[in-house]
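# Architecture and fold: a report
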Amino acid sequence: MAILSLVVPCYNEKEALPYFMEEVEKVTKEIKGIETEVILINDGSKDETIEVIRELKKSYSCIRYLSFSRNFGKESAILAGLAASRGDWTAVMDADLQDPPSLLPEMLKAIREEGYDCVGTRRSTRTGEPPIRSFFARMFYKLINKVSSTKLVDGARDFKLLSRPAVDALLSMPEVNRFSKGLYEWIGFRTKWIEFKNVERVAGETKWSFWGLFKYSIEGIVSFTTSPLILSALLGILFMFISIVTLLFLIVRQLMYHNSVSGWTSMVCIILLLSGVQLFCLGIFGQYLAKMYTEIKRRPHYIIAERSEPDK
Ligand code: UDP
Ligand code: MG
């Protein structure tokens, strides 16, 4: 029988998981002729998520689970889930029911009957989200789509249904700095987009702080484009040009009026400005260097402390 895998990263989701499983069971019962496996990845939760998972496994035979030795982040959890999935199709979804399982039948239909390889979902609204977060999210999508050749869809969620070739393509990418939204786009494949209204999480709290999202967006940019490096080179050229012009002006003025002390203020301004630009560019270089450093260490993406079945 064909298998549908659901990959669900869970970090402090003890309240949401029971609702999630209830909803999933309701939806998958409707889909005939397909067996469902739900892979829960406990991403080093600080609450009793793992106990809840073990308990749920007793009542739901479709559950398989992995538990990390500490919190490795959602991206690593998704990767571990994809690696463990056996499905002909694999869906990645959140545990908080913000990715409605009720969309699954429609998504499956797009792959099985309409000839798509992937189905993505996007929110048509951002209701329930702080306005400041929506504003910066929109700015981020504008910026990254300007500077990167991998185009991201604004409002796209990580909720995706992937065919086996797409899952294998994602698994073939060994990079440590994983930005799923970009990786999904990068692998290509025919993708259908389904829109839905934003729903608020069923229980528990969001794991994203503003600072966390900011770092994540820098990660996205640095992982998918090197254009900031070109920007820094262009800035360098621009300021070299300005400084040559200023220098010529100063030499001429000195020859004509001999009053060099009056240039003190402009000098300090120029020095401050230039050192600012230099630090900015160094910062950009630093970001790429740091990414290279983490990549070449080749550390594993995650460490599994416990799993529901013996090691494969
Ligand atoms: N998550 C995770 N590891 C983390 C942070 C989050 O596995 O370090 C999971 C979390 O349990 C949830 C999903 O990622 O299933 C999305 O997190 P959340 O709902 O907090 O994000 P939001 O929906 O607010 O963007
Ligand atoms: Mg959520």
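Let me begin by describing the structure that accompanies this report. (Residues numbered from 1 in each chain as written. Chains lettered and ligands numbered in written order. Predicted model: local features only at pLDDT ≥ 70, side-chain atom pairs only at ≥ 80, totals over all residues. Heavy atoms only, no water.)

### Re the overall build of the protein chain
Scanning the protein chain for helices and strands turns up ten helices and eight strands. Radius of gyration (C-alpha) of the protein chain: 25 Å, far over the 20 Å computed for a compact globule of 312 residues. Principal-axis analysis of the C-alpha atoms places the extent of the protein chain at approximately 90 × 40 × 35 Å. Looking at the 312 residues of the protein chain, the share that counts as buried comes to 43%. A separation threshold of at least 6 residues defines the contact pool for the protein chain, and within that pool the share at least 24 residues apart is 82%. Surface exposure of the protein chain reaches about 17,200 Å², of which carbon and sulfur atoms provide 63%. Distance between charge centres in the protein chain, computed from 40 positive and 36 negative side chains, equals 6 Å. (Helix = DSSP H or I, 4+ residues; strand = E, 2+ residues; numbered from the N terminus. Rg over C-alpha atoms; globule rule 2.2 N^0.38 Å. Buried < 20%, exposed > 50% of the residue type's maximum accessible area, 1.4 Å probe, protein only. Contact = heavy atoms within 4.5 Å. Areas by Shrake-Rupley, 256 points an atom, 1.4 Å probe, with all protein chains shown as cover. Lys, Arg positive; Asp, Glu negative; His and termini not counted. Charge placed at Lys NZ, Arg CZ, Asp CG, Glu CD.)

### Regarding the packing of helix 3 (residues 74-84) against helix 6 (residues 164-171)
Contact pair helix 3 / helix 6: the axes reach a minimum separation of 10 Å and the direction vectors enclose 130°. Of the possible angle classes, the one that applies to helix 3 and helix 6 is oblique. The interaxial crossing formed by helix 3 with helix 6 has left-handed handedness. For the pair helix 3 and helix 6, the contacting residues are L79, L82 and A83 in the first and V167, L170 and L171 in the second. Across the contact of helix 3 with helix 6, the residue classes tally to six nonpolar, no polar and no charged. (Axes fitted to C-alpha atoms, helices over the stretch in contact; angles between N-to-C directions. Parallel < 35°, antiparallel > 145°, perpendicular 65-115°, else oblique. Left-handed = near helix turned anticlockwise from the far one by under 90°. Nonpolar A, V, L, I, M, F, W, Y, C, P; charged D, E, K, R; others polar.)

### Here's the deal with the coordination of the magnesium ion (ligand 2)
Each protein donor to the magnesium ion (ligand 2) is listed here as D96 (OD) and Q98 (OE1); together their distances run 1.9 Å. We classify Q98 as buried; its relative accessible area is 16%. (Donors = N, O, S within 2.8 Å, 3.2 Å for Na, K, Ca; no water.)

### Describing the side chain of T121
Along the chain, T121 turns up in strand 5 (residues 118-123). Overall, the relative accessible area of 0% leaves T121 in the buried class. Within the local environment of T121, its side chain forms a polar contact with the backbone oxygen of F159, the two atoms lying 2.9 Å apart. When neighbours within four sequence positions are excluded, T121 is seen to be in contact with L103, M107, G155, A156, R157, F159, W193, I194 and F196. (Polar contact = N/O pair within 3.5 Å; in protein donor to acceptor, adjacent residues only side chain to side chain.)

### A closer look at the packing of helix 1 (residues 16-30) against helix 2 (residues 49-59)
Contact geometry of helix 1 with helix 2 gives a least axis separation of 10 Å together with a crossing angle of 30°. Taken together, the axes of helix 1 and helix 2 lie roughly parallel to each other. Classified by chirality, the crossing of helix 2 by helix 1 is right-handed. Along its contact with helix 1, which presents L17, P18 and M21, the element helix 2 presents T49, V52, I53 and L56.

### What to know about unusual backbone geometry
In this structure, N12 takes a positive phi of about 50° despite not being glycine. Positionally, N12 belongs in the loop between strand 1 (2-10) and helix 1. Non-glycine residue L97 carries a positive phi angle of around 65°. With respect to the secondary-structure elements, L97 resides in the loop between strand 4 (89-92) and helix 4 (104-112).

### Considerations on the pattern of salt bridges
According to the stated counting rule, one finds 14 salt bridges in the structure shown. For D99, the salt bridge identified is with R157, shortest N-O distance 2.5 Å. With D99 in the loop between strand 4 and helix 4 and R157 in strand 6 (residues 156-163), the pair connects residues that are 58 residues apart, well separated along the chain. Among the residues examined, D99 registers a relative accessible area of 0% and is labelled buried. According to the relative accessible area criterion, R157 is buried, its value standing at 11%. Between D168 and R164 there is a salt bridge, with its nearest N and O atoms 3.2 Å apart. Of this pair, D168 and R164 both sit in helix 6, four residues apart, which is roughly one turn of that helix. Through salt bridges with shared partners, a single network forms among K74, D94, D99, R157, D158 and K181. (Salt bridge = Lys/Arg side-chain N within 4 Å of Asp/Glu carboxyl O.)

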